[in-house]
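Single-letter residue listing:
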Amino acid sequence: MAKKRRTAAEKKRIRKLKLRLAAFIVALIISLIGWGFFNARVVHVKYADVNVRGLSMFLEGSKILFMSDFKISDQDDAVRSANLIKGFLQMEPDIIILGGDYTANKMSDLFRLQSQEGKNEIALRLREARKTFFTELQPVTARVQVYAVAGDQDSEVEGLFEDCALGGVKLIENAVEYVPVKSNYIALVGYGDILTGGSANFKFKGPTTNDPVIAVTHNPDAYPLVTSVMDFEGNAIADLVLSGHVMGPQIRLFGLDLFKGYTGQYKAGVYSEAGSHLIVSSGVGTQWMPIRFGSRAQAHMITLYRK
């Protein structure tokens, strides 16, 4: 049986349908990319109330702003990230804590990373961007105490201590800083990153006083190490542990984590163990691609209360 030929009108209608379908697909892709870019640029504030054993009545209501994984790749990123922190001053935090990974490569760096010359150029660009970021924080540190720890990617660019000092930011690495807040003190414990071996030989023994203890470790996989230090009642010495590193993961579609560099047991969220709370941030920035799907850029505003 001979195949019926399509008329010119039918062919024209089919072409129109194909064009409409192609236009719809293109518009959908553009919309998704736009949404991913928007999602990466808008930082959502997560509020957390943390009950602390034996907290002084004078420290009740103290606010801590925690931000991590800025992933700054150039000067524009540096200024935008610093301005973001400046904007949070209106929320009147008592302490600001930065959780590491201040710089990161971008997609255009992929081919340049294949040569030593390219690596050197990228390291120089990231160092200058990081200097700008911390220098821009001078108006912040003039009003609020700002502390920081290092992340795994910070070891790739030298001079983090010096760069932090440009803006008056105190870098804590495997040490304890007793932070004055409302005529009292909070013991702030900064761990070196476990992936670079920075915390391998450091174990906090506990504060010399009854001050509340907040531990900051870039990688949440150090949480068992931190909570292994306990008091005589079997509770972890650290009342609160702050981490980043996981990036959300950055891209999650239909329940699947499609773009992640972290393969540990923790995702962004809140965990509890041995009387200690762990808050894991999905971070402020992005890795390689400036987009997020199924994962929001985050900053945490934490308020301390008596337990």
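Calculation criteria
Numbering of residues starts from 1 in every chain and runs along the sequence as written. Two thresholds apply to this predicted model, a pLDDT of at least 70 for residue-level local features and 80 or more for giving and counting side-chain atom pairs, whereas whole-chain, interface and lining totals are computed over all residues. The basis for the side-chain values is all heavy atoms of the structure; hydrogens and waters are excluded. Remark: exposure states derive from per-residue accessible area (1.4 Å probe, protein chains only) relative to the maximum for the residue type, with buried under 20%, exposed over 50%, and partly exposed in between. Numbered from the N terminus, helices here are DSSP runs of H or I no shorter than four residues, and strands are runs of E no shorter than two. The pairing criterion for strands is at least two bridges between them, as found by DSSP. A crossover gets the label right-handed when its path from the first strand over the helix to the second runs clockwise, viewed with the strands pointing away from the viewer. All axes are obtained by fitting lines to C-alpha atoms, using only the stretch in contact for helices, and the reported angles, taken between N-to-C directions, cover 0 to 180 degrees. A pair of aromatic rings is counted whenever rings of Phe, Tyr or Trp (Trp by its six-membered ring) have centres within 6.5 Å, and the orientation is called stacked for planes under 30 degrees apart, edge-to-face for over 60 and tilted otherwise.

Draft legend 1. The pairing of strand β3 (residues 95-98), seen in detail. Both faces of β3 are covered, namely the face carrying Ile95 and Ile97 and the face carrying Ile96 and Leu98. Bridge count between strand β2 (residues 63-67) and β3: four bridges; the pairing is parallel. Paired with Met67 across the two strands is Leu98, which belongs to β3. One crossover worth recording links β2 to the parallel β3 by way of helix α2 (residues 75-87), and it is right-handed. Relative to strand β4 (residues 145-148), β3 runs parallel, the two being bridged by four bridges. From the neighbouring strand, Ile96 faces β4, where its bridge partner is Val146.

Draft legend 2. Structural context of the sheet that holds strand β7 (residues 184-190). Read from one edge to the other, the open sheet built from six strands follows the order β6-β7-β8-β9-β13-β12, with strand pairing classed as mixed. Pairing within the sheet leaves two strands with one partner each, and these edge strands are β6 (175-181) and β12 (269-273). Going from strand to strand, the sheet's axes swing by 25° on average, the running direction of each strand aside. Across seven bridges, the pairing between β6 and β7 is antiparallel. Each residue of the ladder has a partner; that of Pro180, found in β7, is Tyr185.

Draft legend 3. Spatial organisation of the packing of aromatic side chains. Scanning all chains against the criterion turns up seven aromatic pairs. Each ring, one from Phe70 and one from Tyr102, has its centre 6.2 Å from the other, and the planes form 20°; the classification is stacked. A residue pair is termed long-range when its members are at least 10 positions apart, and Phe70 in the loop between β2 and α2 and Tyr102 in the loop between β3 and α3 (116-135) qualify at 32 residues. The exposure classification of Phe70 matches that of Tyr102, with both residues buried.

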